[in-house]
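# Coordinates in review
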Amino acid sequence: MSIKETEEGIMENEVGERGDDLSMKSFLWHGGSVYDAWFSCASNQVAQVLLTLPYSFSQMGMASGVILQIFYGFMGSWTAYLISVLYVEYRSRKEKQNVNFNNHVIQWFEVLDGLLGPYWKAIGLTFNCTFLLFGSVIQLIACASNIYYINDKLDKRTWTYIFGACCATTVFIPSFHNYRIWSFLGLGMTTYTAWYLTIAALVHGQVEGVTHSGPTKLVLYFTGATNILYTFGGHAVTVEIMHAMWKPRKFKYIYLMATLYVFTLTIPSAISVYWAFGDQLLTHANAFSLLPNSPWRDAAVILMLIHQFITFGYACTPLYFVWEKVVGMHETNSILIRAVTRLPVVIPIWFLAIIFPFFGPINSAVGALLVTFTVYIIPSLAHILTYRSAYSRQNAAEKPPALIGGWRGAYVVNVLVVVWVLVVGFGLGGWASMTNFIKQVDTFGLFAKCYQCPPPRPHH
C-alpha cells in the first residue's frame, strides 16, 4: 500500500470517526490538517526565545541580528524540508513491506534506522532526546523567570518547583493530533507578546544615554549567533508533527511558510527593544525585565506562561513516545496508563531546571552543542547518504525542487549547511556559549535561587 493510499485511508477513517457528529471535542481535539501542522510549526518555533532575541541583538549588533535571523530561518526551513523528504521515503519503503503504523508514531531515529542503519539510529536518538530534554528544561526556567515579573514574593527556584508540577500534566495529551486548540492559542499568544514588546519599546522610547556598542567581544557575538541558530532550530519534532497529519506529503513547504510568519514576530520586536534599551540588555536576558509594569505587560507574561506550558508539551511528547517504546507501553490505548508510564520523564527535566537556571545563556549552549547536530548537520548528511546511489535517486519518493538545481543543487546546499554549522555554529558557537555559560555558573553558582534578580524591594 502506498503512502498516498494510506493517506486517503486515514482521511476516510477520520471522517468515519467523526461521522455526522462534528462535536466540539473532535473540532478541538482531532487535528491533522495542513493548517494544524502550520500552527504547530509556527507556535513551536517561537516561545520564550522571543524574549531573549533582544539580548542576542545587544551581543552582536542590529545588522548581524537581522541578517542572521533571515539566514538561519531559511537554513532551518531547508533542513525541515529534508527531514520531511526522509520521512516520506522511509514510510513509502515500509509500506511496500506492508508495515502498519496505525498505533505507532514514527519518530526521527526510526527514520534514520530504516534508511541508514543502527549507528545512525543511535546518533539520532542521542542528539534528539538530549536536545528535547534541555528544550523542556528551558521552558521551565522561562516560566519561573517570567512569573517573577508579576509576583516576586517567591524566588525563581520556588516558581520552578511549582511550574514543574503544572507542566507534568502534559503526560495526559496523547499525541500531536491532540494539540489543535493548543497550537492555535499558542501562536496567538506569541503574536500578542511580540507586538506588545514592539509597541511597548517604541512607546517607552530610548533610555537616557542609550548606547548600542555591540558587537564588542567575539564570545558575545557568537553566543548571540547561536541563540538565533537555536531560534530557527525548533524542528526536532517535525517527524511527529508530520505523522499526525492526514496527508504528510503536504508538509514540505509548511515549515517555510511558518518561518516567514515568525519573521514578522521576531524581527520587529528584537529591533525595537534593542533600539530602546541598547547595552542594558547585556545583563537582562529576559526582555520583560526592562519594560515598565503595566496591565499589558502582565497580560504578555501570563500568555507566555501558558505558551511555555504548551511548548513544554511539544518538546516532551517525543520523549514520552521514546520512553513508552522502551517500556513496551506505546501501543496501549488507555490514556491513564500511558500518563502514569510517562511521569518518570518529567523528573530529570525538573531537576536540571533547578540546577541550571540561566535564562538566555542556556539557550545558546543548547543551540551550539545540540541543535547544530540534531536539526542541521544530521538531516543534511542523512539526505546525502540516503540518495548517494543512482538507483536511490531514480526511485526517490520525493525529488529535490528544480529551483535549487535538482540533486546536484541539493548536494551542494547540504554540504554548505554541514560546513557552516560545524565551523560557525558548533565550533565558534560552542566555544563562545560554553565560555559564557561557565561564567554564569562562576558568578551565580549552580542551584542559583534567583538568577539575574534585582535586589529585593522592601515590602511594607
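Residues numbered from 1 in each chain as written. Predicted model: local features only at pLDDT ≥ 70, side-chain atom pairs only at ≥ 80, totals over all residues. Heavy atoms only, no water.

By the naming in an unreviewed UniProt entry, the protein chain goes by Amino acid transporter transmembrane domain and is assigned to Arabidopsis thaliana x Arabidopsis arenosa.

### Digging into the overall build of the protein chain
Helices and strands together make up the secondary structure of the protein chain, namely 17 helices and 0 strands. With 460 residues in all, the protein chain has 57% of them scored as buried. A total accessible area of about 18900 Å² is found for the protein chain, and carbon and sulfur atoms account for 67% of it. (Helix = DSSP H or I, 4+ residues; strand = E, 2+ residues; numbered from the N terminus. Buried < 20%, exposed > 50% of the residue type's maximum accessible area, 1.4 Å probe, protein only. Areas by Shrake-Rupley, 256 points an atom, 1.4 Å probe, with all protein chains shown as cover.)

### Points about the pattern of salt bridges
Counted by the stated rule, this structure contains 7 salt bridges. Residues E110 and K325 are paired through a salt bridge, measuring 3.1 Å at the closest nitrogen-oxygen approach. With E110 in helix 6 (residues 108-116) and K325 in helix 13 (residues 295-327), this pair connects stretches of sequence that are 215 residues apart. Overall, E110 belongs to the buried group, its relative accessible area being 13%. Using a relative accessible area of 21% as the deciding quantity, one classes K325 as partly exposed. (Salt bridge = Lys/Arg side-chain N within 4 Å of Asp/Glu carboxyl O.)

### Focus: the packing of aromatic side chains
Following the criterion strictly, the structure yields 19 aromatic pairs and no others. Site record: aromatic cluster; members linked through ring pairs are W38, F39, F184 and Y261. (Phe/Tyr/Trp six-rings, centres within 6.5 Å; stacked < 30°, edge-to-face > 60°.)

### Section: the side chain of H307
Here H307 lies in helix 13. In contact with H307, other than residues within four places in its own chain, are S43, V46, A47, G186, L187, M189 and T190. (Contact = heavy atoms within 4.5 Å.)

### Considering helix 4 (residues 49-60)
Given a rise of 1.5 Å per residue, 12 residues ought to cover 16 Å, and the 16 Å separating the end C-alpha atoms of helix 4 matches this to within 8%. Counting buried positions along helix 4 gives 12 out of 12 residues, so the element sits mostly inside the fold. When we look at burial in helix 4, the residues that qualify are V49, L50, L51, T52, L53, P54, Y55, S56, F57, S58, Q59 and M60. (Expected span 1.5 Å × (residues − 1).)

### Regarding the packing of helix 5 (residues 62-96) against helix 12 (residues 254-277)
Interaxial distance between helix 5 and helix 12 falls to 10 Å at its minimum, and their mutual angle equals 165°. By the criterion of interaxial angle, the relationship of helix 5 to helix 12 is roughly antiparallel. Our pair here, helix 5 against helix 12, has a crossing hand that is right-handed. Contact with helix 5, carried on its side by M62, V66, Q69, I70, G73, F74, G76, S77 and A80, involves Y255, L256, T259, L260, F263, T266, I267, A270, I271, Y274 and W275 of helix 12 and no other residues of that element. (Axes fitted to C-alpha atoms, helices over the stretch in contact; angles between N-to-C directions. Parallel < 35°, antiparallel > 145°, perpendicular 65-115°, else oblique. Left-handed = near helix turned anticlockwise from the far one by under 90°.)

### Here we look at unusual backbone geometry
Phi is positive for N98, close to 60°, though the residue is something other than glycine. Inspection of the secondary structure puts N98 in the loop between helix 5 and helix 6.

### Examining the packing of helix 6 against helix 7 (residues 118-147)
Relative orientation of the contacting elements helix 6 and helix 7 amounts to 165°, with a least axis distance of 7 Å. Classified by the interaxial angle, the pair formed by helix 6 and helix 7 is roughly antiparallel. The handedness of the crossing between helix 6 and helix 7 comes out as right-handed. Listed contacts from helix 7 to W108, F109, L112, D113 and L116 of helix 6 are P118, W120, K121, G124, L125 and N128. Grouping the constituent residues of the contact of helix 6 with helix 7 by class yields 7 nonpolar, 2 polar and 2 charged. (Nonpolar A, V, L, I, M, F, W, Y, C, P; charged D, E, K, R; others polar.)

### A few points about the environment of T374
Here T374 shows up in helix 15 (residues 361-386). The exposure class of T374 is buried, given its relative accessible area of 2%. Each C-alpha atom of the pair T374 and G124 lies 7.0 Å from the other, and the pair is 250 residues apart in sequence. Within the local environment of T374, its side chain forms a polar contact with the backbone oxygen of F127, the two atoms lying 3.4 Å apart. There is a polar contact of 2.7 Å between the side chain of T374 and the backbone oxygen of L370. (Polar contact = N/O pair within 3.5 Å; in protein donor to acceptor, adjacent residues only side chain to side chain.)

### Concerning the side chain of T259
As for its position among the elements, T259 is in helix 12. Relative accessible area serves as the criterion here: at 0%, T259 is assigned to the buried category. Only 3.2 Å separates the side chain of T259 from the side chain of S77, close enough to count as a polar contact. Excluding its chain neighbours within four sequence positions, the residues that come into contact with T259 are Q45, G73, S77 and F232.

### A short note on a nonpolar patch on the surface
A cluster of nonpolar residues, L218, L369, Y411, V412, V415, L416, V419, L422, V423, F426, L428 and W431, forms a patch on the protein surface that exposes about 1000 Å² of accessible area. In terms of residue count, helix 17 (residues 406-444) provides more of the nonpolar patch than any other element does, 10 residues in total. Here W431 is to be found in helix 17. (Patch = residues over 30% accessible without salt bridge, like charges linked within 9 Å, V, L, I, M, F, W, Y side chains within 5 Å.)

### Points about the confidence of the model for the protein chain
Mean pLDDT for the protein chain: 85, with 89% of residues reaching 70 or above. Long-range and interchain partners of residues 5-22, a stretch whose pLDDT sits below 50, account for 18 contacts in this model, where long-range means more than four residues apart. (pLDDT = per-residue confidence, 0-100.)

### Some thoughts on helix 3 (residues 34-45)
The terminal C-alpha atoms of helix 3 lie 17 Å apart, and with 12 residues this matches the ideal 16 Å at 1.5 Å per residue to within 8%. Within helix 3, burial applies to D36, A37, S40, C41, A42, S43, N44 and Q45. As for helix 3, its buried residues are in contact with helix 4, helix 9 (180-204), helix 10 (218-231), helix 11 (238-243), helix 12 and helix 13. Of the residues flanking the start of helix 3, the one acting as N-cap is S33, its side-chain oxygen 3.3 Å from the backbone nitrogen of Y35.

### Some points on the environment of N44
When you line up the elements, N44 lands in helix 3. Residues N44 and S183 lie 139 residues apart in sequence; the distance between their C-alpha atoms is 7.8 Å. Discounting residues that sit within four places of it in the chain, N44 has contacts with F39, G234, V237, T311 and Y314.

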